[in-house]
Amino acid sequence: MPYKNTSAKLMKGTLVLTAAALITKILSAVYRVPFQNIVGDIGFYIYQQVYPFYGIALALSTYGFPVIISKMIAERQEEKNEQEIQAVLRSSFLFLTLTGMIWFLLIYFGSESIASRMGDPQLKELIQLISVTFLLLPFISGLRGFYQGKGDMIPTAYSQVGEQFIRVATILVFSAVLVANGYSLYMAGAGALFGSITGGLVCIIILITFVWRDRSHLPLSFSKLRGIDHKEIWARLLKHGTAICISGMLLVLLQLIDALNVYSLLVQSGISQEESKQLKGIYDRGQPFIQLGTVVSTSLSLTLVPLITSAFRKGESAEMNDKIRLALKIGSLAGFAASLGLINIIEPTNTMLFQNSLGSDVIAVFCLSILFSSIILTISGILQGLQLIYFPAIAILGGLVIKYFLNILLVTQYGTMGSSISTVIALGTITAILIFRLKKQFNASFLKPHFYFVTGFAGIGMTVVLQVYSYLFSALIENPSRIMAAAESLSSAAIGAAVFILMILKGSIFSSEELEQLPGGDKLSSLSERFK
């Protein structure tokens, strides 16, 4: 298929991948609710302790390496250099095979040490099981990178959705069957983690199906490796791929730090092992909230990044600045609304999803992470689009160090609330660094004081309405059931969103041209004009 490097094709491909990413991220967040209902808080703790290793494998095979491989192939595709394309594929496949093997060996043979560091030796076998997913890395990354480099995003999109669908189905079916038949929660956790392998295998089958259908010639064997400049290819994969992966793994790496020391710190503080596992499981309920919140806030803002990159390459500074401003508005507003809205309705939402309201105060603080994560992911995407690949990764690594040491200081004193606070502080620090870098890059502030005033006023208005609604609801219904908690949380979400959007439109922080670029833009623009 001839490669056409046009803005229309780029945007179409980006929208396809964005839609696939949106579906997979929603699946990845939503399945945790029925899973926690099946295995309980302790079973949820067991799964969440090991999940970050799968998250790392997923990021390597989705965000980092395929992107760099596709760029190298696209460069050679424009030059119509088929031999160079084959060289990139062969060399990349070798690099990814070695990388996958190293990750597998480190995690498999280091599983006992990792489980001991976590304070729970029973996690050893589960960690060994999840290490197998790294062996699938070369096939998934290589094939996705090949098709993306050709400008065909469909195979990647199908493989992402198929992988997550099978993985989620495996998790729910295996955990339900194992728990129903009296197996231990650790065995149920192993059954759930097996979904990462079944999902990965299905992903490879889908990609190979496209290869067979298109009769694509893929030289992924280790033959004919002589004469290839591995140094240049491997350097780009290692440096650029790792930098992009770190940005994509922000939330996973935060989970990994919590997995490494929160449980053990709780035990060290004098809490029993059983209670510590339950507390960590309750704390982990916050993960679906932050995942869904960031999906909503970044799915729109990050679609503008290719347009920002295109304008940057063409030297169209006015167009680029407009797109950056719009991306920041969307990411900040949606993140702020999701974060504050959830904090207002956290108790009924916690009960609706997880059967009770335990840990609502801890999760409420944790929900502040949605705002910062949304801004971080948006600015990271913008900076990467401007070829500033390394700075976001360095800032994130610095924030992770802060998170690790704050956990040690705060968890022993304040329990899981300390971990929530440390996460918010770490993300807030990263956000401040990235905002400073963006301002320095352009010597300008993209968001005016009017934006912050209207946003703050809308947040206050939404909070007042939701608190009054909550008071009236509780006055009418004492000791609400789970069904009534669901009714309250869902109706509150709709009311809060409506109030916030109306106040934002009334404040006129979006121009008519900006509103028209959003889903339902015509209706929003018309509604905004009525308010004016």
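Just above sits the structure.
So, how was this worked out
- Residues numbered from 1 in each chain as written.
- Predicted model: local features only at pLDDT ≥ 70, side-chain atom pairs only at ≥ 80, totals over all residues.
- Heavy atoms only, no water.
- Helix = DSSP H or I, 4+ residues; strand = E, 2+ residues; numbered from the N terminus.
- Rg over C-alpha atoms; globule rule 2.2 N^0.38 Å.
- Buried < 20%, exposed > 50% of the residue type's maximum accessible area, 1.4 Å probe, protein only.
- Contact = heavy atoms within 4.5 Å.
- 1 Å grid on protein atoms, 1.4 Å probe; cavity = no way out; pocket = protein on both sides within 12 Å on 5 of 7 lines; lining within 4 Å.
- Points joined across faces, edges and corners; volume = space filled by probe spheres on them.
- Nonpolar A, V, L, I, M, F, W, Y, C, P; charged D, E, K, R; others polar.
- Phe/Tyr/Trp six-rings, centres within 6.5 Å; stacked < 30°, edge-to-face > 60°.
- Lys NZ or Arg CZ within 6 Å of the ring centre and 35° of its normal.
- Polar contact = N/O pair within 3.5 Å; in protein donor to acceptor, adjacent residues only side chain to side chain.
- Core = buried A, V, L, I, M, F, W, Y, C linked by side-chain atoms within 4.5 Å.

(A) Up close: the overall build of the protein. Helix and strand counts for the protein come out as 23 helices and zero strands. In terms of C-alpha radius of gyration, the protein reaches 24 Å, essentially the compact-globule figure of 24 Å for 532 residues. Projected onto its principal axes, the C-alpha positions of the protein cover 75 × 60 × 40 Å. Each of the 532 residues in the protein was classed as buried or not, and the buried ones make up 55%. Across the protein, contacts joining residues at least 24 apart in sequence account for 82% of those joining residues at least 6 apart.

(B) Geometry of the layout of surface pockets. Estimates place the volume of the second largest pocket at around 1,000 Å³. Elements supplying a minimum of two residues to the lining of the second largest pocket: α1 (7-30), α12 (286-301), α14 (317-344), α15 (346-354), α20 (449-476) and α21 (482-507). Considered class by class, the residues forming the lining of the second largest pocket number 31 nonpolar, five polar and one charged.

(C) Fine view of the packing of aromatic side chains. Applying the stated criterion to the full structure yields 24 aromatic pairs. Both rings, one in Y147 and one in F210, keep their centres 6.4 Å apart while their planes meet at 65°; by these two values the pair is edge-to-face. Within this pair, whereas Y147 is found in helix α6 (residues 137-149), its partner F210 is found in helix α8 (residues 185-214), the two being separated by 63 residues in sequence. Residue Y147 shares its accessibility class with F210, and that shared class is buried. Of the aromatic side chains, those joined through ring pairs into one cluster are Y31, F35, F44, Y47, Y51 and Y54. Across from the ring centre of Y51, 4.4 Å away, lies the NZ or CZ of R32, which sits over that ring.

(D) Highlighting the side chain of S70. One can find S70 in helix α2 (residues 32-78). Reaching out from S70, the side chain makes a polar contact with the backbone oxygen of V67 at a distance of 2.6 Å.

(E) Up close: the nonpolar core. L123 and I324 are the most contacted members of the largest nonpolar core, which totals 133 residues. Those residues in contact with L123 that sit more than four places away from it in its chain are Y45, I46, Q49, V50, A115, M118 and Y186.

(F) Molecular detail of empty space enclosed by the protein. Applying the stated criterion across every chain, the model contains three cavities of 30 Å³ or more. Empty space within the largest cavity amounts to approximately 90 Å³. Surrounding the largest cavity, Y54, A57, L58, S61, T133, L136, L137, I140, E163, S196 and G200 form its lining. Every element with two or more residues in the lining of the largest cavity is listed here: α2, α6 and α8. Sort the elements by how many residues they give to the lining of the largest cavity and α2 lands first, with four residues. Roughly 50 Å³ of volume is contained in the second largest cavity. For the lining of the second largest cavity, the secondary structure elements donating two or more residues are α10 (250-268) and α12. Top contributing element to the lining of the second largest cavity by residue count: α10, with four residues. Within the lining of the second largest cavity, the residues separate by chemical class into four nonpolar, three polar and one charged.

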